[in-house]
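Geometric and topological summary
The residues making up each chain are set out below.
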Amino acid sequence: MNFPVTRLRRLREHNIVRDLVRENLLTLNDLVMPLFVVEGLSGREEISSMPGQYRYSVKELVEECKRLADAGVRAVILFGIPAQKDPHGSGAWAENGIIQQAMAAIARAVPELLIIGDICLCEYTSHGHCGMIEGERILNDPTLELLARTAVSQVTAGAHMVAPSDMMDGRVGAIREALDEHGFAHVPIMSYAAKYASAYYGPFRDAAESAPQFGDRRSYQMDPANVREALREVELDILEGADLVMVKPALAYMDVIRAVRDTFDVPVACYNVSGEYSMIKAAAARGWLDEPRIVMETLTAMKRAGAQLILSYHTRDVAAWLGR
Ligand code: PBG
Ligand code: ZN
């Protein structure tokens, strides 16, 4: 039907009509808050490249989790930074490691919060890579057992879900098998399935002290130029037992989110990463952008692109803006 019979502005005239016809709505059920816990830290320290984000001691982390839960946040994903790093990243699966202590403390003090464990070695290895190394090569198969051990140890400590972010081939299958063997068949795996070698991770690497000491991550993370390859990554991870799949980063990869959503029927997550957060914060601090509006618009667009859940550092702010 053509104008003047059809007038699309009719549905935009009244604010309630606009609400009634809205196609996508961001709620706290969609959001996961990432948090950093640092061994040997007392109190908390702000991350200079991520205003409003902090590195926490276990004690401060628990306090922050209580505040988040009170504000309506449902889920957190945790990153641990150990006092000592070694070539194998043994702190990742240490029984009393920093992340294990943090998870146990949160599970005890804030039982209503869902705890997701990021499974990777780069915060724990002295060389800063996500797997074991031999010379300058990142070894795939020997890394799998360490990742599996890390997943079992985090779930033992209190994690309700694990999220492998290393991009080794076969890690989802290895983690699934290890979890099942240890009586954790009920624990879901959210795979960072299509994770790109991205400059958007810069601020995270400051926060997590996880910048590689040599080379870069391009031999294991994906080439930003590729989208069909992302579908192969996702397919393999689903076959290995991934319950949810993630695309990361989000903002510059909306087409990848949409392609994954259209091709597979598992829940799709995306990670609104550190660099995406920092860009908005920097512009907002100068008064160049309206922060609440631009954040809500950006996160809603990620849902529109096909993400059912979003990992975002804005989660705390969104909770405050949405109220309860
Ligand atoms: C660890 C990991 C990274 C992020 C999440 N898990 C960094 C990386 O791969 O270098 C990035 C998150 C962010 O930038 O917010 N493998
Ligand atoms: Zn890593």
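Here, every reference points to the structure presented above.
Please read these numbers as outputs of a predicted model, since none were measured by experiment.

1. Notes on the site of ligand 1
Contacts to ligand 1 come from 18 residues, most closely from Lys195, Arg205, Lys248, Ser274 and Tyr313. Notes on ligand 1: free accessible area 400 Å², of which the protein chains cover 100%. Of the pockets mapped on this structure, ligand 1 occupies the largest cavity. Its residues assigned to classes, the shell around ligand 1 shows ten nonpolar, three polar and five charged.

2. Things to note about the coordination of the zinc ion (ligand 2)
Only Cys120 (SG), Cys122 (SG) and Cys130 (SG) from the protein coordinate the zinc ion (ligand 2), and they sit 2.2 to 2.3 Å from it. Its four donor atoms give the zinc ion (ligand 2) angles of 99 to 121° at the centre, a pattern that matches the tetrahedral case. Every donor residue of the zinc ion (ligand 2) comes from the same chain, spaced as C-x1-C-x7-C. Assigned by exposure class, Cys122 and Cys130 land together as buried.

3. Some words on the pattern of salt bridges
Tallied over the full model, the rule gives 16 salt bridges. In this structure, Asp19 engages Arg22 in a salt bridge whose closest nitrogen and oxygen atoms are separated by 3.1 Å. Take Arg22: its relative accessible area is 44%, and that puts it in the partly exposed class. The closest approach of N and O atoms between Asp262 and Arg258, which form a salt bridge, is 2.9 Å. Of this pair, Asp262 and Arg258 both sit in helix H8 (residues 254–263), four residues apart, roughly one helical turn. Overall, the relative accessible area of 56% leaves Asp262 in the exposed class. A relative accessible area of 32% means that Arg258 is categorised as partly exposed.

4. Description of the packing of aromatic side chains
The tally for this structure, following the rule as stated, stands at nine aromatic pairs. Through a chain of ring-to-ring contacts, the aromatic side chains of Phe36, Phe79, Tyr192, Phe204, Tyr271, Tyr277 and Tyr313 assemble into a single cluster. Across the ring face of Tyr201, the terminal group of Lys248 is positioned such that the distance to the ring centre comes to 4.4 Å. One residue, Lys248, lies across the ring of Tyr271, its end atom 4.9 Å from the ring centre.

Conventions adopted
- Residues numbered from 1 in each chain as written.
- Chains lettered and ligands numbered in written order.
- Predicted model: local features only at pLDDT ≥ 70, side-chain atom pairs only at ≥ 80, totals over all residues.
- Heavy atoms only, no water.
- Near = heavy atom within 4 Å.
- Areas by Shrake-Rupley, 256 points an atom, 1.4 Å probe, with all protein chains shown as cover.
- 1 Å grid on protein atoms, 1.4 Å probe; cavity = no way out; pocket = protein on both sides within 12 Å on 5 of 7 lines; lining within 4 Å.
- Sits in = over half its atoms within 2 Å of the grid points.
- Nonpolar A, V, L, I, M, F, W, Y, C, P; charged D, E, K, R; others polar.
- Donors = N, O, S within 2.8 Å, 3.2 Å for Na, K, Ca; no water.
- Tetrahedral: all angles 85-135°; square planar, octahedral: opposite > 155°, others 65-115°.
- Buried < 20%, exposed > 50% of the residue type's maximum accessible area, 1.4 Å probe, protein only.
- Salt bridge = Lys/Arg side-chain N within 4 Å of Asp/Glu carboxyl O.
- Helix = DSSP H or I, 4+ residues; strand = E, 2+ residues; numbered from the N terminus.
- Phe/Tyr/Trp six-rings, centres within 6.5 Å; stacked < 30°, edge-to-face > 60°.
- Lys NZ or Arg CZ within 6 Å of the ring centre and 35° of its normal.

So yeah, pure geometry; function would need other evidence.
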